[in-house]
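For reference, the chains in residue letters:
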Amino acid sequence: MNYENLLVENQEGIILLTINRPKALNALNQQTLSELRHFFGEAGPKISDLKGIVITGAGEKSFVAGADISEFTTIDSAGGAAMAKNGQDIFFLIERFYRPVIAAVNGFALGGGCELAMACHLRVAGEKARFGQPEVNLGIIPGYGGTQRLVQLIGKTKATEYLMTGDMIDANTAEKLGLVNYVVPQGEEVKRAKEMLGKISKKAPVAIAKIIECVNGYFKEDIDGFAKEVEEFGETCGTEDFVEGATAFLEKRKANFKGK
Ligand code: CO8
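Residues numbered from 1 in each chain as written. Predicted model: local features only at pLDDT ≥ 70, side-chain atom pairs only at ≥ 80, totals over all residues. Heavy atoms only, no water.

As for the overall build of the chain
Short version of the rule: A helix here means a DSSP run of H or I that spans at least four residues, while a strand means a run of E at least two residues long, and both kinds are numbered starting from the N terminus. With the radius of gyration taken over C-alpha atoms, the globule rule is written as 2.2 Å times the number of residues to the power 0.38. Think of it in three bands: with a 1.4 Å probe and only protein chains considered, a residue is buried below 20% of the maximum accessible area for its type, exposed above 50%, and partly exposed in between. Two residues form a contact once any of their heavy atoms are found within 4.5 Å. Reported accessibility uses the Shrake-Rupley method at a 1.4 Å probe radius. Residues are deemed covered only where the shown protein chains occlude them. Neither His nor the chain termini are counted; the positive set is Lys and Arg, and the negative set is Asp and Glu. Charge positions come from single atoms, namely NZ of Lys, CZ of Arg, CG of Asp or CD of Glu.
If you tally the helices and strands in the chain, you get ten helices and ten strands. Radius of gyration (C-alpha) of the chain: 17 Å, near the 18 Å computed for a compact globule of 260 residues. Dimensions of the chain, computed from C-alpha atoms along their principal axes, come out at roughly 55 × 40 × 35 Å. Scored against the burial criterion, the 260 residues of the chain give a buried share of 50%. At a minimum sequence separation of 6, the contacts of the chain that also span at least 24 residues come to 73%. As displayed, the chain offers around 12,200 Å² of accessible surface, 54% of which is attributable to carbon and sulfur atoms. Here the chain carries 30 positive and 34 negative side-chain charges, and the mean point of each set is 5 Å from the other.

Some points on the site of the ligand
Note the threshold: Nearness here has a simple test: a residue counts as near a molecule or strand if at least one of its heavy atoms is within 4 Å of that partner. Under the rule applied, a polar contact is a pair of N or O atoms within 3.5 Å (in protein, one hydrogen donor and one hydrogen acceptor; residues adjacent in sequence only if both atoms are side-chain atoms).
In the vicinity of the ligand lie 26 residues, with Lys61, Ala65, Ala67, Ile69 and Gly112 positioned nearest. The separation between an oxygen atom of the ligand and a polar main-chain atom of Lys23 is 3.4 Å. Ala67 is positioned such that a nitrogen or oxygen atom in its backbone is 2.8 Å from an oxygen atom of the ligand. Contact with the protein chains hides 74% of the accessible area of the ligand, taken as 1,100 Å² for the molecule alone.

A look at the layout of surface pockets
The condition that has to hold: Definitions used throughout: a 1 Å grid over protein atoms alone; a cavity as a set of points that fits a 1.4 Å probe which cannot get out; a pocket as an open set with protein on both sides within 12 Å along at least five of seven lines; a lining residue as one with an atom within 4 Å of a point. Grid points are joined across faces, edges and corners, and a volume is the space filled by probe spheres set on the points.
Considered as a void within the structure, the largest pocket measures approximately 870 Å³ in volume. In terms of lining residues, the largest pocket is bounded by 42 residues, among which Ala65, Ile69, Pro134, Leu138 and Phe249 are the most central. Mapped onto the lining of the largest pocket, the elements with two or more residues apiece are helix 2 (77-95), strand 6 (108-110), helix 3 (112-119) and helix 10 (240-250). Per-element accounting of the lining of the largest pocket gives the leading share, four residues, to helix 10.

What about the nonpolar core?
Note the cut-off: Residues belong to one nonpolar core when they are buried, are Ala, Val, Leu, Ile, Met, Phe, Trp, Tyr or Cys, and are joined through side-chain atoms within 4.5 Å. Each domain span listed reflects an automatic or database assignment of domains.
Counting 57 residues, the largest nonpolar core has Leu17, Phe40, Ile53, Ile55, Phe63, Phe91 and Phe131 as its most contacted members. Of the residues forming this core, the biggest block, six residues, is contributed by helix 2. The residues that make up this core include at least three from each of domain 1 (6-200) and domain 2 (205-250). Membership of the second largest hydrophobic core comes to twelve residues, among which are Ile14, Ala104, Val184 and Val190.

A look at the confidence of the model for the chain
Note that predicted coordinates carrying low pLDDT should not be read in detail. Using the following cut-off: pLDDT is a per-residue confidence score from the predictor, ranging from 0 to 100.
On average, the chain scores 94 in pLDDT, and the residues at 70 or more come to 99%. Looking at the elements of the chain, mean pLDDT is at its lowest for helix 9 (residues 224-237), recorded as 82, and at its highest for strand 5 (residues 101-105), recorded as 99.

Focus: the packing of aromatic side chains
In plain terms, the rule: Centres within 6.5 Å are what make two rings of Phe, Tyr or Trp a pair, Trp counting through its six-membered ring; a difference in plane orientation under 30 degrees is then read as stacked, over 60 as edge-to-face, and the rest as tilted. A positively charged side chain is recorded as over a ring if its NZ (Lys) or CZ (Arg) lies within 6 Å of the ring centre. The angle to the ring normal must also be within 35 degrees.
Applying the stated criterion across every chain yields a total of five aromatic pairs. When the ring of Phe91 is compared with that of Tyr144, the centres are 5.4 Å apart and the planes differ by 70 degrees; the resulting orientation is edge-to-face. Here Phe91, found in helix 2, pairs with Tyr144, found in the loop between strand 8 (130-132) and helix 4 (146-154); they are 53 residues apart in sequence, far enough to count as distant. Three or more aromatic residues link up through ring pairs in this structure, and these residues are Phe39, Phe40, Phe97 and Tyr98. The ring of Phe92 is capped by Arg96, whose NZ or CZ atom sits 4.5 Å from the centre of that ring. We note Arg192 situated over the ring of Tyr182; from NZ or CZ to the ring centre the distance is 4.3 Å.

What about the pairing of strand 2 (residues 14-19)?
The side chains of a regular strand alternate between both faces of the sheet. Applied cut-off: A pair of strands is treated as paired once DSSP finds two or more bridges between them. Place the viewer so that the strands point away; then a crossover is right-handed whenever the path from the first strand over the helix to the second strand goes clockwise.
Of all six residues that make up strand 2, six are buried, and the element is covered over most of its length. The side-chain alternation of strand 2 yields two buried faces, one formed by Ile14, Leu16 and Thr18 and the other by Ile15, Leu17 and Ile19. As judged from the six bridges shared by strand 1 (residues 6-11) and strand 2, these two strands associate in the antiparallel manner. Bridge assignment links Val8 to a residue of strand 2, and that residue is Leu17. In this antiparallel pair of consecutive strands, strand 1 and strand 2, the connection spans two residues, and Glu12 shows a positive phi of 50 degrees. Handedness of the crossover joining strand 2 and strand 3 (residues 52-57) through helix 1 (residues 30-43): right-handed.

A few points about the sheet that holds strand 8
In space, the four strands of this open sheet follow the order 4-6-8-9, with mixed pairing throughout. Sheet topology places strand 4 (62-64) and strand 9 (169-170) at the edges, where each strand pairs with a single neighbour. Taken together, the three bridges between strand 6 and strand 8 define a ladder with parallel strand orientation. What sits directly across from Leu110, in strand 8, is Gly132.

In structure tokens, the structure reads:
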């Protein structure tokens, strides 16, 4: 498969995977998701002497600013649920990948971007990184695992607050909350992530793969919460408020929600 929106560079056994749609702040459209599915499901596992993967975003402003809002303004409940399930399945491929995957978060990691970072095994953030699940501003809920992984990573109290307010989380707060492993000077995220992979790659690869499996096992990755999220995401996609929220974003105005 030829990738349109993913740059793949093999740097001495570490794959640097760059989401490359800077004009849309690297928003995840369906094409990009298909490419991620192909990489983590087919191409990645075949790379020999692989130490690990670093995922980052092109440009200086954004890691990934979410799912591509322009692609799901007209979907209904069933379509929304199908899209959420597709995205969740792709993020499970990342979470279950046999070599460590580190998100090098160089800017906005919002909505699907925060969910992508959370599906990685480890996270390094630049000082200007901003995390968040702003879906409530669009009249929907997270659909790519955000309602589950944010709770797993930072606990129910703060996760519920951030899911309900849609507030952004700055890099230092993210570190305090345990959302990221390290905050580094802006521009040094990839370097730090590669250093971490360099250290981990000196350990026994089978043991590392088993740690990934066991850590995922602790969080019981297929618990009903994920299925619930798909179902409820679909429901929110069928609301008038979602049409209003997405339209308002694209028209660069404040949404006027009616609770329908
Ligand atoms: N989708 C599509 N386009 C986007 C997105 C996005 N998520 N984010 C930014 N863009 C585009 C803008 O429309 C703009 O395009 P243009 O130049 O053509 O007008 C360009 O990127 C630059 O963005 P801004 O001008 O808005 O840049 P600012 O610096 O003013 O603001 C922000 C940056 C704060 C990141 C702002 O762009 C923003 O709020 N973006 C949306 C963030 C968001 O709401 N993300 C969540 C999306 S929903 C989601 O991820 C749900 C996941 C589950 C989906 C399940 C299946 C459908």
